[in-house]
Amino acid sequence: MTTVHGAHSIQVRNPADGTVVGEVPDQDRDAVDAAARALRTAQPAWEEIGPAGRRKWLLAWQDWLIDNSARLSEVVRSETGKPRATADIEVPAAVDLMKYWANNAARFLADDHPKPHNLLGKTKQLTTCYRPYPVVGVITPWNFPLLNIFFDALPALMAGAAVLVKPSEVTPLSAVEIARGWAEIGAPPVFSVVTGSGNTGHAVVETADYIQFTGSTRTGRKIAAACGDRLIPCSLELGGKDPAIVLADADLDRAANGIAYGAMFNAGQVCISIERVYVEEPVYDEFVAKLTERVAALRQGDDAQPYSADVGAMATPAQRDIVQRHVDEALAAGARTTVGGKSTGTGTFFEPTVLVDVDHSMSCVTEETFGPTIPVMKVADEDEAVRLANDSIYGLSATVWTGDKQRGAQVARRLEAGAVNVNDSFANMFSFALPMGGWKQSGIGARWGGAAGIRKYCRQQAITVPRIPTQKSEVTWFPASKVRTRAVISLLQGMAARGKRRLPGLRS
């Protein structure tokens, strides 16, 4: 829980026990503008040193991250209430991402030299180069306070942009530590963090040249509108209601284990958490029994003894209350729980919960829950599973569980989601060569995806340079000439048209 303390600061609390663990300034528009101005001043030199120069700083930052990993994980735990096993993954995942961008950025940003489309084009050398947006604003949520920043800041920095980060006011301490690390390695002043409430984020949207936002669809709409007013680009990763399809030929033990993990990791507070499950009728009862057993065995708590808990607290009381509402509304409408179903009464913990006898009239199936619940539905066959999986305003990711990998890939192509994992959970999140983005109301644009993941932070620039000696005037230049114009038309039509239409005099 966070509360405003005085007029210009925000207290940060551990949601597991409510203790105050830190305080950050609630920075206003003037502070954001000052940070952006400083970044703009430093950015041209950062762009000038090129990918090889930027790589050196990225790897120095990686060293700092590894050297301080234990302390950073404790900061993550203190502001999120995560178990150690969950908090500890953020630093090594960021280290892996650093290696990816450090090793690939130069190749991804290299000039393209496209092939001319006709003979006339061969008189020019064609080049597409990639020039960064000067200041990229990165606005991050509270679920992965350290890792989410690196997801987006690293490619932007390696593209040559300066980066202005606004973390969630719920979990700003990790961001402050990251900025401290950048300063401690002596890196150029092209990475800044501003802390504060929604007004601080609004100021970032009003001053940056590109916005990368991760968060709710409701807030994403507002950011998209604000970016539209300014005619600046944005990339939005928004809400999800990710389905899992369990086919009758699936390995039910793996499916139960994978779905329990995909739904309960980080207490279900992951953008690509599994939030609804469709199971073919012949294996429904067996699967529910296995899933219930697996979820009931999960250990929940504050992880006072290292690695003694699997599921931690919800990030905020408000998020816990959303989960409780979804469960209560489902039960009132005829659903039942096979395990869990209520908050524990301590901090913001909510019991890992499996719901059955649910349908698409219930909020637990139609609204994003972002918590430790698994609604499970029985379906007649694959077609019904696909139809119901697609019956959502969201389309972030999905999973398919089957004994036939080829069938799984075919089902994946029928689903309306930006990513589909066959017989796995979260696999796409750490496959940086693939794009990670949502369809429908789950977002605009994508993270990663190889070259696209860094080029999105760049403006494409087209350059033409003559290949052959130039004349004082081109045939199409003034003054207009009937002879020269007809010659050009004949040449263009002769190269582009088909059959007798290549000859202007024979047009029908």
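Above this note sits the structure.
Regarding the overall build of the protein
The helix and strand tally for the protein stands at 17 helices and 22 strands. Based on the C-alpha atoms only, the size of the protein along its principal axes is roughly 85 × 55 × 35 Å. Counting the 508 residues in the protein, one finds 53% classified as buried. For the protein, the computed accessible surface area is about 22,300 Å², with 53% contributed by carbon and sulfur atoms. Distance between charge centroids for the protein: 15 Å, based on 54 positive and 55 negative side chains.

What about the side chain of Ser-235?
Relative to the elements of secondary structure, Ser-235 occurs in strand β9 (residues 234-237). Residue Ser-235 is classed as buried on the basis of its relative accessible area, which comes to 3%. Once you skip the residues sitting within four places of it in the chain, Ser-235 turns out to touch Tyr-210, Ile-211, Gln-212, Phe-213, Ile-444, Gly-445, Ala-446 and Lys-456.

Re the environment of Ser-442
Residue placement: Ser-442 occurs in the loop between β19 (439-440) and β20 (443-444). Residue Ser-442 is classed as buried on the basis of its relative accessible area, which comes to 0%. Apart from residues lying up to four places away in sequence, Ser-442 is in contact with Leu-236, Glu-237, Leu-238, Gly-239, Gly-240, Tyr-394, Gly-395 and Leu-396. In terms of polar contacts, Ser-442 uses its side chain to reach the backbone amide nitrogen of Leu-396, at 3.3 Å.

Re the pattern of salt bridges
Inspection of the entire model under this criterion finds 26 salt bridges. Salt-bridge contacts for Arg-325 lead to Glu-329; the nearest nitrogen and oxygen are separated by 3.4 Å. Pair noted here: Arg-325 and Glu-329 are both in helix α12 (residues 317-332), with a separation of four residues, about one helical turn. Here Glu-329 falls in the partly exposed class, since its relative accessible area comes to 36%.

As for the packing of helix α8 (residues 198-207) against helix α9 (residues 217-230)
Relative orientation of the contacting elements α8 and α9 amounts to 30°, with a least axis distance of 9 Å. As far as their axial angle goes, α9 and α8 are roughly parallel. Between α8 and α9 lies a crossing of right-handed hand. Between α8 and α9, the residues in contact are Val-205, Glu-206 and Thr-207 and Ile-223, Ala-226, Cys-227 and Arg-230, respectively. Here the contact of α8 with α9 is composed, by residue class, of four nonpolar, one polar and two charged.

Quick word on the nonpolar core
Note that soluble globular proteins tend to have their nonpolar side chains buried in a common cluster. The biggest cluster of nonpolar side chains holds 83 residues, and the ones touching the most others in it are Trp-61, Leu-65, Trp-101, Phe-150, Leu-164, Phe-191 and Ile-211. When residues of this core are assigned to their parent elements, the largest contribution, twelve residues, is made by helix α5 (residues 90-109). Counting residues in hydrophobic clusters, the runner-up holds 53 residues, among them Leu-252, Tyr-278, Tyr-284 and Leu-298.

Comments concerning the sheet that holds strand β13 (residues 353-356)
Pairing is mixed across the open sheet formed by seven strands, whose spatial order is β12-β13-β14-β11-β10-β16-β17. At either margin of the open sheet sits one strand with a lone partner, and together these are β12 (336-339) and β17 (419-422). Sheet twist, expressed as the average angle between the axes of neighbouring strands with direction ignored, equals 25°. Sheet topology places β12 next to β13; three bridges connect them, and they run antiparallel. In the strand pairing of β13, Arg-336 is matched with Val-356. Sheet contacts for helix α14 (residues 382-389): β10 (242-246), β11 (274-280) and β14 (373-379); angle to β11, the most-contacted strand, approximately 160°.

With respect to helix α11 (residues 284-296)
For α11, built from 13 residues, the straight-helix expectation of 18 Å at 1.5 Å per residue is met to within 8% by its first-to-last C-alpha distance of 18 Å. By the burial criterion, the buried members of α11 are Tyr-284, Phe-287, Val-288, Leu-291, Thr-292 and Val-295. Projected onto a plane normal to the axis of α11, the buried residues spread over an arc of 130° and lie on a single side. Turned more than 90 degrees away from the buried face of α11 sit Asp-285 and Glu-293, all of them exposed. Looking at the buried positions of α11, the neighbouring elements they touch are β10, α10 (252-264), β11, β12, β13 and β14.

Some thoughts on the packing of helix α3 (residues 69-80) against helix α7 (residues 173-184)
At a minimum axis separation of 9 Å, α3 and α7 run at an interaxial angle of 155°. Classified by the angle their axes make, α3 and α7 are roughly antiparallel. Judged by residue contacts, Arg-71, Leu-72, Val-75, Val-76, Ser-78 and Glu-79 of α3 engage Leu-173, Ser-174, Glu-177 and Arg-180 from α7. Here the residues of the contact of α3 with α7 sort into four nonpolar, two polar and four charged.

Considerations on the sheet that holds β20
Within a sheet, adjacent strands bond to each other through the backbone by hydrogen bonds, running parallel or antiparallel. On the basis of which strands lie adjacent, the open sheet formed by six strands has the order β7-β6-β5-β8-β9-β20 and mixed pairing. This sheet does not close on itself; its edge strands, each paired only once, are β7 (191-193) and β20. In this structure, strand β5 (residues 135-139) lies alongside strand β8 (residues 210-214), joined through four bridges in parallel fashion. Counted as the bridge partner of Ile-139 is Phe-213 from β8.

What about the environment of Ile-274?
If you trace the backbone, Ile-274 turns up in strand β11. Take Ile-274: its relative accessible area is 3%, and that puts it in the buried class. Taking the C-alpha atoms as reference points, Ile-274 and Ala-263, eleven residues apart in sequence, are found 4.6 Å from one another. With sequence-adjacent residues up to four places away left out, Ile-274 is seen in contact with Asp-242, Ala-244, Gly-258, Ile-259, Gly-262, Ala-263, Thr-373, Thr-399 and Ser-425.

Points about the packing of aromatic side chains
With the rule as written, the count across this model stands at 18 aromatic pairs. Ring plane angle 75° and centroid distance 5.5 Å describe the contact between Trp-142 and Phe-370, whose orientation is recorded as edge-to-face. Placement of the pair is Trp-142 in the loop between β5 and α6 (147-159) and Phe-370 in the loop between α13 (363-366) and β14, with a sequence separation of 228 residues. Judged by relative accessible area, Trp-142 falls into the buried class, the value being 17%. Every member of this aromatic cluster is reached through a ring pair, and the members are Tyr-100, Trp-101, Phe-108, Phe-151, Phe-432 and Trp-448. For the cation-ring pair, Lys-82 lies above Phe-144, with the distance from its terminal atom to the ring centre recorded as 4.1 Å.

What counts, and at which threshold
Residues numbered from 1 in each chain as written. Predicted model: local features only at pLDDT ≥ 70, side-chain atom pairs only at ≥ 80, totals over all residues. Heavy atoms only, no water. Helix = DSSP H or I, 4+ residues; strand = E, 2+ residues; numbered from the N terminus. Buried < 20%, exposed > 50% of the residue type's maximum accessible area, 1.4 Å probe, protein only. Areas by Shrake-Rupley, 256 points an atom, 1.4 Å probe, with all protein chains shown as cover. Lys, Arg positive; Asp, Glu negative; His and termini not counted. Charge placed at Lys NZ, Arg CZ, Asp CG, Glu CD. Contact = heavy atoms within 4.5 Å. Polar contact = N/O pair within 3.5 Å; in protein donor to acceptor, adjacent residues only side chain to side chain. Salt bridge = Lys/Arg side-chain N within 4 Å of Asp/Glu carboxyl O. Axes fitted to C-alpha atoms, helices over the stretch in contact; angles between N-to-C directions. Parallel < 35°, antiparallel > 145°, perpendicular 65-115°, else oblique. Left-handed = near helix turned anticlockwise from the far one by under 90°. Nonpolar A, V, L, I, M, F, W, Y, C, P; charged D, E, K, R; others polar. Core = buried A, V, L, I, M, F, W, Y, C linked by side-chain atoms within 4.5 Å. Pairing = 2+ DSSP bridges. Expected span 1.5 Å × (residues − 1). Arc of directions from axis to C-beta. Phe/Tyr/Trp six-rings, centres within 6.5 Å; stacked < 30°, edge-to-face > 60°. Lys NZ or Arg CZ within 6 Å of the ring centre and 35° of its normal.

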